[in-house]
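One letter stands for each residue in the lines below.
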Amino acid sequence: MKLNETLSVREFRDVCDENDFREYIFLSENQTWDKVGSTIKTKLVFKIMLIAMNPNAICFRNEESYLCLERVKRVVVNGQSAIGAVFAVVCGNLSNSDDDITYTIVAK
C-alpha cells in the first residue's frame, strides 16, 4: 500500500485480504466531518468486511451490528499509524462530486 494510493472497491478488498486484517474500526473522532462540539461520540469495531460490486458498497459486520457504506467511488490509502492502516472511503453521486462524503476506517 502506498500513501494516497487510490483503490477501487475490488482493489480495497484485495488489499484487506493480502494484509489479513482482523478488525475494522469506525471512530467518530476520526471522521473529517466530526466537530469539536459534536454531541455524539462512537466507536464501532467489526470483524468482517464484505463488498458488493453493484452498487459499490463496503459493509462491515459483527455478531450484533453492521455499517454499510454505499455508493463508494474510491478508497484512498491515508497511511499506516500506530492504530492501524487508515483508509478514506469516498462515497457519493457517481456523476459529480457535489455531495461526496468521506468516511475514515482503520484496519488492523
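Remember, it's a predicted structure, so these values are computed and weren't measured experimentally.

*Asks:* Help me understand the packing of aromatic side chains, please; the structure alone is not making it clear to me.
*Replies:* As enumerated under the stated definition, the model contains six aromatic pairs in all. Between Phe-46 and Phe-60 the ring centres are 6.2 Å apart and the planes differ by 35°, which places this aromatic pair in the tilted class. Of the two residues, Phe-46 sits in strand E3 (residues 43–46) while Phe-60 sits in strand E5 (residues 56–61), which places them 14 residues apart along the sequence. With relative accessibility at 1%, the residue Phe-46 sits in the buried group. Looking at Phe-60, the relative accessible area reads 0%, which means it is buried. One aromatic cluster in this structure is built from Phe-12, Phe-21, Tyr-24, Phe-46, Phe-60 and Phe-87.

*Asks:* For this particular structure, what's the right way to read the nonpolar core?
*Replies:* Soluble, globular proteins show a tendency: their nonpolar side chains are buried together. Ile-58, Phe-60, Leu-69 and Phe-87 are the most contacted members of the largest nonpolar core, which totals 24 residues. Looking at this core, the elements that each hand over two or more residues are helix H1 (9–19), strand E2 (24–27), E5, strand E6 (66–70), strand E7 (72–81), strand E8 (84–91) and strand E9 (101–107). With near-sequence residues (within four places) excluded, Phe-60 lies in contact with Tyr-24, Phe-46, Ile-48, Met-49, Ser-65, Tyr-66, Leu-67, Leu-69 and Ile-105.

*Asks:* Would you explain the sheet that holds E7 in this entry?
*Replies:* Strands in a sheet are paired, the pairing made by backbone hydrogen bonds, and the direction either parallel or antiparallel. Ordered in space as E1-E7-E8-E9-E2-E3, the six strands form an open sheet in which the pairing is antiparallel. A strand with exactly one partner marks an edge of an open sheet, and here the two such strands are strand E1 (6–7) and E3.

Cut-offs used in this document
- Residue positions are given per chain, counting from 1 as you read along its sequence in written order.
- Where totals are concerned, whole chains, interfaces and linings use all residues; where local detail is concerned, this predicted model gives features only for residues with pLDDT of at least 70, and gives and counts side-chain atom pairs only at 80 or more.
- Each side-chain value is worked out from all heavy atoms of the structure, with water and hydrogens disregarded.
- Any two rings among Phe, Tyr and Trp, with Trp reduced to its six-membered ring, count as a pair given centres within 6.5 Å; such a pair is stacked if its planes are under 30 degrees apart, edge-to-face if over 60, and tilted if neither.
- In DSSP terms, a helix is any run of H or I states spanning at least four residues, a strand is any run of E spanning at least two, and both are numbered starting from the N terminus.
- Only protein chains enter the accessibility calculation, which uses a 1.4 Å probe. A residue is then buried if its area is under 20% of the maximum for its type, exposed if over 50%, and partly exposed in between.
- Note on terminology: a nonpolar core comprises buried Ala, Val, Leu, Ile, Met, Phe, Trp, Tyr and Cys residues joined through side-chain atoms within 4.5 Å.
- Contacts are assigned to residue pairs that have any heavy atoms within 4.5 Å of one another.
- When DSSP finds at least two bridges between two strands, those strands are taken to pair.

Taken by themselves, the reported measurements are silent on function.
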